[in-house]
Amino acid sequence: MSGLEDIFRLLFTANLWQATLAAAVLLLLPALGGVISERSGVVNIAMEGMMLTGAFFAVVADLAWHNAWLATGVAVLAGALMATIHAVVSIQFRADQIVSGIAINIFAAGLTVFLANRIYGLQDVGHVGPTEGLPNIDVGGLDQIPFFGKVLFQQNVVVYMALVLLVLVHVVLFRTRLGLRIRAVGEHPQAADTAGINVYLFRYSAVITSGLLSGLAGAFLAIGVSNTFVPNMTDGRGYIALAAMIFGKWTPLGAFIACLIFGLGQAIYDNNSVIHVSPYLLSMLPYILTLVVLAGLVGRATPPAADGLPYVPGSE
Amino acid sequence: MPFGSVVFAFAVGALIVGATGANPFSAYAGLLCGGLGIGCTQGENPALEISNTIVFAIPLITTGVAVALPFRAGLFNIGAEGQLLVGSMACTAIGIKFNTLPSPILLPMVLLGGMAAGAVWAGIPGVLKATVGAHEVVTTIMLNYIAQWLLRFLIIGGPLQLGPGTSKSLPIGEGAHLATVLPVDNALIIFGLPASVYRVHTGLLIALAAAALFAFLLWRTSFGYEIRAVGQSQKAARYAGVSVRRTIILTMLIAGAFSGLAGAVQIAGVDHNLTDKYFTDTTGFDAIAVALLGLGSAVGIVLAAVLFGALHAGGAIMQSDAGISSNLVLVLQALILFSIAANFVGAIRRGLPLGRAPAALPPELPPAAGLMSEATAPPPEPT
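**A few points about the overall build of chain B**
Thought 1: Assigned secondary structure in chain B consists of 15 helices and two strands.
Thought 2: Expressed as a percentage of its 383 residues, the buried residues of chain B come to 56%.
Thought 3: Put simply, of all contacts in chain B between residues at least 6 apart along the chain, 74% involve residues at least 24 apart.

Structure, rendered in C-alpha cells:
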C-alpha cells in the first residue's frame, strides 16, 4: 500500500499541519455559528449559504475599496443579513427551519451569481490584488520554533481570530449567565420564558451571530485563502461545518476537534500530487465519519431538546 | 397549488431584478418564452421550448414523489439528489458492463439497477432513523455528498472513465436507451423542425406512472394508511398496531427507489453517459420545492414539476435573450420555498399578525416537533 506510506510520510511535514489548521478554521467559524444557533433552539443548515454570501460580498467590496478589513466587515454584515432572513422566517413566521435553511442556501447560490453577472457582466469576477487580501501574520519569535512555529504562528490573521472566538464561545456558552440563558432557551423555552428570558430576542441574536461567523468564514475563503469569487466556491464547507457541529455534539471544543479531523482530510486532499489514493474517495471521509457518529458507534449525538421547535408563547 | 406563493416569489424577484437596474419584464418575458414557448421574440421555436420544459420536468416528477412520500410519514428526505446520483451511476455501470445485451433485457436491468441503488442510499437513513434515531435530514445530507464524491471518483480516473483526461463515463449500450417519443428522423418535420431535435423521451410515461403509483400507494393501500398514520402521530400509529420502524424503513426504501429511477431514466433517456454536468445537478433539491408546492398530491407534483421544468428551460432563454443570468431561477425557487414555508401570503392576508400566526406549516409537512427533537430516542417497538 504505497498510498498509505505516502500519507504517513506527509503526516510528518509542518506544511501539512499548517494547511490543516487553516482548513479547520474555515469550517470552525460556521460550525461555531451552528452551535450557537442550535443551542438556542433554531436548526441551522444555512451556514453554506451565509458563507457563500459573505465570500461574494467580500470580493465585491475589496474590488471596490481595496481594503481587506472593510471588505471583511461587509462580508460579516452580508452573512448576518442572510441569517436575519432565516431568523425572521423560522422564528417570527415559525416556518419549518429546515425548509428555510435549504431556501437560504439556494437563494445564496442564485443571488451571488445573478449579482456577479449584473456587476461584472458575463465574464469572471476580477481578482483581488496580492496586498489587498486578508494578511498572513508571522508571530515574531514564536514563528521560528521548529515545526510548531510554522503550524501555529505562521497563519492568516483570521486563524488567530477564530481560535480566540473558539475560546470565547466556549466560555460564554458554559461559564456565563448569558450562555446558560441561551442553552435554557434551546432546551426548554417555556421554562426560560417563565423565568423572564426573552426567548425571541435570544434566538434572533443567536441566529444572527451564526451569520456573522459564517460571513467571516466566507471572507477568509474569498480574500484570505483564495483571491476571487467563483460560483458556489464554498463547495459544501457549510455542510461539513454542520457535520462538525454534530460530530462535536453541539459543543465548541468538540466541533473544533471535528474540524481538525476534517481539515486534515482537506489538507491531504490538497496535497494529492504526492499521494496515490483517489482524492475523491478521501473527500468522502468527513461525511462517512459523521454517519458513523450518528449511527451511535462513537457515543450518542444528542441535539438540544427544543432544537427545531418554533416557540409559541403560552403553549406547552 | 399555492399560486399565491408563486406570485409572491415573482413579485419579490421582480423587485430584486429592478433593484439591480435591469428590466424585470424582459427577464420574465424570456422565462415565459423559454418555459412555455409564449411570446418569443428571437425566433425561438415554441414547440421546441415546450419539449425542453417537459424533458426538465420528467426527473422532477419522480424525485418530487420521492420527497413527498416520506413527508407523509413525517420524514424529510433531503437525500433525493444523492439517491438520484447513485441511480444514474448504477444505470451507467450496468449499461456499460452489459452493453451488448438487447433492449428487452438490458433496459429493465438498468432501470431496476438504478432503483435498487437509490433504495439502498435511502435505506441507510431509514434504518438509522428507525434503529438509533439518527435524524434523516442530517444523514441524507451526508449521503448526498458521499454520492457526489463517488461520482467524481467513478468518472475521473475511476473504473467508468471514458479515457484519460476526460470527466465523463463510457456510453451505455444501445439496448439501455429509452426511446424518444418522436422518431429520430431528420426528414420528418414537426412544427417546423426535424423530429430528432425534440428530446422528450418515454421516461415521461415512467414519471407519470410513478406519480400515479404514489397516489395509489398512499390512498388505496393499507401500507399507505400506515405511512399516513405514522406521519400524523407515531404514538397513535403504534397503538393502532402499526410497526413504526418497519414503516419508516419501507417508506425510505420506496422513496429511494423513485429517486434512483429518476437518475436511471435521465441516463437512459437523455444523456446516455455520466458527465461532469451531474456534479452540479440540483434535481433532487428542486424536488423539495416540487413536493412542497405540489402539496403532496400526484397532480400537484406533476404541475409543480412542469413549473420548475419551465423555469429551468426558461432560464437559458432569459440569459440569451434578456442578458439576465439564469441563476435568477434559483432566486425565484428560494423565494417560493420561503413563501410556502413561512406562509407569507397567509400572513399578508391576515394583516401580518407577526408572532401570532399558528405554526405555519403546509398540511403535508410533519409537525416541526418531529424534526429535531425526536432525533435521539428510537421509537420503542411493541412486541
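Moving on from the coordinates now.
**Some words on the overall build of chain A**
Thought 1: Looking only at helices and strands, chain A features 14 helices and two strands.
Thought 2: Since a compact globule built from 316 residues should have a radius of gyration of about 20 Å, the 20 Å found for chain A is in line with a globular shape.
Thought 3: Seen through its C-alpha atoms, chain A measures out along the principal axes to roughly 60 × 50 × 40 Å.
Thought 4: Here chain A holds 316 residues, and 55% of them are scored as buried.
Thought 5: A separation of at least 24 residues holds for 78% of the contacts in chain A among residues at least 6 apart in sequence.

**Some thoughts on helix α6 (residues 136-155) of chain B**
Residue and element names in this part refer to chain B.
Thought 1: Given a rise of 1.5 Å per residue, 20 residues ought to cover 28 Å, and the 28 Å separating the end C-alpha atoms of α6 matches this to within 8%.
Thought 2: Counted residue by residue, α6 has 19 buried out of 20 residues, so it is predominantly covered.
Thought 3: Trailing α6 by a residue or two, G157 shows a phi angle of about 85°, which is positive.

**Quick notes on the interface of chain B and chain A**
Thought 1: Contacts between chain B and chain A engage 50 residues on the former and 48 residues on the latter.
Thought 2: Taken together, the elements giving at least two residues each to the side of chain B that touches chain A come down to α6, α11 (283-293), α13 (328-342) and α15 (369-372) of chain B.

**Considerations on the packing of helix α3 (residues 46-72) of chain B against helix α10 (residues 244-271) of chain B**
Residues and elements named next belong to chain B.
Thought 1: At their nearest, the axes of α3 and α10 sit 7 Å apart, and the two run at 170° to each other. Considering their axes alone, α3 and α10 lie roughly antiparallel with respect to each other. Counting all contacts with α3, which are made through V55, I58, P59, T62, T63, V65, A66, L69 and P70, the residues of α10 involved are T251, M252, I254, A255, F258, S259, L261, A262, V265, Q266 and V270.

**Re the packing of helix α2 (residues 14-39) of chain A against helix α12 (residues 252-270) of chain A**
Residues and elements named next belong to chain A.
Thought 1: Two elements in contact, α2 and α12, have axes whose closest approach is 7 Å; the angle formed by their N-to-C orientations is 140°. By the angle between their directions, the pair α2 and α12 is classed as oblique. The two elements α2 and α12 cross, and the hand of that crossing is right-handed. Where α2 abuts α12, its residues L16, A19, T20, L21, A23, A24, L27, L28, A31, L32 and V35 lie against P252, A255, F256, C259, L260, F262, G263, L264, Q266, A267 and D270.
Thought 2: Along the lines of polarity and charge, the residues of the contact of α2 with α12 split into 18 nonpolar, three polar and one charged.

**A few points about helix α14 (residues 285-294) of chain A**
Residue and element names in this part refer to chain A.
Thought 1: Considered for burial, the residues of α14 that qualify are P286, Y287, T290, L291, V293 and L294. The arc that holds every buried residue of α14, seen down its axis, measures 160°, which confines them to one face.
Thought 2: One or two steps after α14, the chain reaches G296, where phi turns positive at roughly 85°.

**Thoughts on the environment of A313 of chain B**
Residue and element names in this part refer to chain B.
Thought 1: When you line up the elements, A313 lands in helix α12 (residues 298-322).
Thought 2: Separated by 16 residues in sequence, A313 and V329 have C-alpha atoms that sit 9.8 Å apart.
Thought 3: What A313 contacts, discounting residues up to four positions off in sequence, is G34, G35, E49, N52, T53 and F56.

**Structural notes on the nonpolar core**
Thought 1: Membership of the largest hydrophobic core comes to 246 residues, with the highest contact counts inside it found for L28 and A244 of chain A together with L337 of chain B.
Thought 2: Examining the composition of this core, we find that 15 residues originate from one element, α2 of chain A, more than from any other.
Thought 3: The residues touching A244 of chain A, leaving out its near neighbours within four places in the chain, are L27, A31, A255, A258, C259 and F262 of chain A.

**Topic: unusual backbone geometry**
All names here are of chain B.
Thought 1: Phi at F191 is positive, roughly 50°, even though this residue is not glycine.
Thought 2: As for its placement among the helices and strands, F191 is situated in the loop between β1 (189-190) and β2 (193-194).
Thought 3: Phi is positive for L295, which is not a glycine, with a value near 50°.
Thought 4: Along the chain, the position of L295 falls in the loop between α11 and α12.
Thought 5: Exposure remark for L295: the 18 C-beta atoms within 10 Å place this residue in the partly exposed category.

**A look at the confidence of the model for chain B**
All names here are of chain B.
Thought 1: Averaged over all residues, the pLDDT of chain B equals 88, while 90% of them reach at least 70.
Thought 2: Note on residues 352-383: pLDDT under 50 across the span, and 70 contacts to partners over four residues away in sequence or across chains.
Thought 3: Scoring of the predicted complex yields 0.88 for pTM and 0.90 for ipTM.

**A closer look at the environment of N67 of chain A**
All names here are of chain A.
Thought 1: Here N67 is to be found in the loop between α3 (47-65) and α4 (68-92).
Thought 2: The partly exposed category is assigned to N67, around which 13 C-beta atoms lie within 10 Å.
Thought 3: Residues N67 and T131, 64 residues apart in the sequence, show an inter-C-alpha distance of 9.3 Å.

**Focus: the environment of A78 of chain A**
Residues and elements named next belong to chain A.
Thought 1: Relative to the assigned elements, A78 resides in helix α4.
Thought 2: On the neighbour-count criterion, A78 (27 C-beta atoms within 10 Å) is buried.
Thought 3: Separated by 51 residues in the primary sequence, A78 and L27 have C-alpha atoms spaced 18 Å apart.
Thought 4: Beyond its immediate chain neighbours, meaning those up to four positions away, A78 contacts T53, G54, F57 and G215.

Conventions and cut-offs
Residues numbered from 1 in each chain as written. Chains lettered and ligands numbered in written order. Predicted model: local features only at pLDDT ≥ 70, side-chain atom pairs only at ≥ 80, totals over all residues. Helix = DSSP H or I, 4+ residues; strand = E, 2+ residues; numbered from the N terminus. Buried ≥ 20, exposed ≤ 12 C-beta atoms within 10 Å, placed from the backbone. Contact = placed C-beta atoms within 7 Å. Rg over C-alpha atoms; globule rule 2.2 N^0.38 Å. Expected span 1.5 Å × (residues − 1). Axes fitted to C-alpha atoms, helices over the stretch in contact; angles between N-to-C directions. Parallel < 35°, antiparallel > 145°, perpendicular 65-115°, else oblique. Left-handed = near helix turned anticlockwise from the far one by under 90°. Nonpolar A, V, L, I, M, F, W, Y, C, P; charged D, E, K, R; others polar. Arc of directions from axis to C-beta. Core = buried A, V, L, I, M, F, W, Y, C linked by C-beta atoms within 7 Å. pLDDT = per-residue confidence, 0-100.

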